[in-house]
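Listed below are the residues making up each chain.
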Amino acid sequence: RNVVNQNADMGEKEIISDVLYSQKHITETYNTFANECSAPTVRDAFLNLLEEEHQMQVEIFSEMQKRGWYQPEQAQPQKIAQAKQKYQAQSTAQGN
């Protein structure tokens, strides 16, 4: 089977899931570029692109949630407290 036939077999849920995954990868890449860019105008351009990509990601995520295709597990209060303690300890250790 070729790629065209495989894509034809993908349903709407799979296509949207793939788009969300791609958006996550794109934002990760733009974030890295913005962090490592030494030219302010180029950094600003990446930050603008990053903001646009995050907005698209939110829209895709919201649509998937609305359709019942993406239901993240709710964080338990104990897990939230543990994460908060961990990052507060790291911040304190770094002198912040």
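Preceding this paragraph is the structure being described.
All values derive from a computational prediction rather than experimental measurement.

Asks: Please explain the overall build of the protein chain as it appears in this structure.
Replies: Check the secondary structure of the protein chain and you find 4 helices and 0 strands. N-terminal to C-terminal, the α/β element order of the protein chain is α-α-α-α. Residues classed as buried in the protein chain amount to 12% of the 96 residues present. As displayed, the protein chain offers around 7,800 Å² of accessible surface, 52% of which is attributable to carbon and sulfur atoms.

Asks: Got a minute to help me understand the packing of helix 2 (residues 12-36) against helix 3 (residues 40-66) in this structure?
Replies: When two helices pack together, you describe them by how their axes are tilted relative to each other and by the distance separating the axes. Where helix 2 contacts helix 3, the axes come no closer than 9 Å and their chain directions differ by 160 degrees. With respect to helix 3, the element helix 2 is oriented roughly antiparallel. Crossing handedness for the pair helix 2 and helix 3: left-handed. Mapping the contact onto sequence places I16, S17, V19, L20, Q23, K24, I26, T27, Y30, N31, F33 and A34 in helix 2 and R43, F46, L47, L49, L50, E53, H54, M56, Q57, I60, F61 and M64 in helix 3. Looking at the contact of helix 2 with helix 3, its residues break down into 15 nonpolar, 6 polar and 3 charged.

Asks: Could you clarify how one ought to interpret helix 3 in this entry?
Replies: With 27 residues, helix 3 should cover 39 Å at 1.5 Å per step; its first-to-last C-alpha distance of 39 Å lies within 8% of that length. F46, L50, E53, Q57, I60 and M64 are the residues of helix 3 that are buried. Check the buried side of helix 3 and you find it contacts helix 2. Residue G68 follows helix 3 closely and has a positive phi angle near 80 degrees.

Rules behind the numbers
Residues numbered from 1 in each chain as written. Predicted model: local features only at pLDDT ≥ 70, side-chain atom pairs only at ≥ 80, totals over all residues. Heavy atoms only, no water. Helix = DSSP H or I, 4+ residues; strand = E, 2+ residues; numbered from the N terminus. Buried < 20%, exposed > 50% of the residue type's maximum accessible area, 1.4 Å probe, protein only. Areas by Shrake-Rupley, 256 points an atom, 1.4 Å probe, with all protein chains shown as cover. Axes fitted to C-alpha atoms, helices over the stretch in contact; angles between N-to-C directions. Parallel < 35°, antiparallel > 145°, perpendicular 65-115°, else oblique. Left-handed = near helix turned anticlockwise from the far one by under 90°. Contact = heavy atoms within 4.5 Å. Nonpolar A, V, L, I, M, F, W, Y, C, P; charged D, E, K, R; others polar. Expected span 1.5 Å × (residues − 1).

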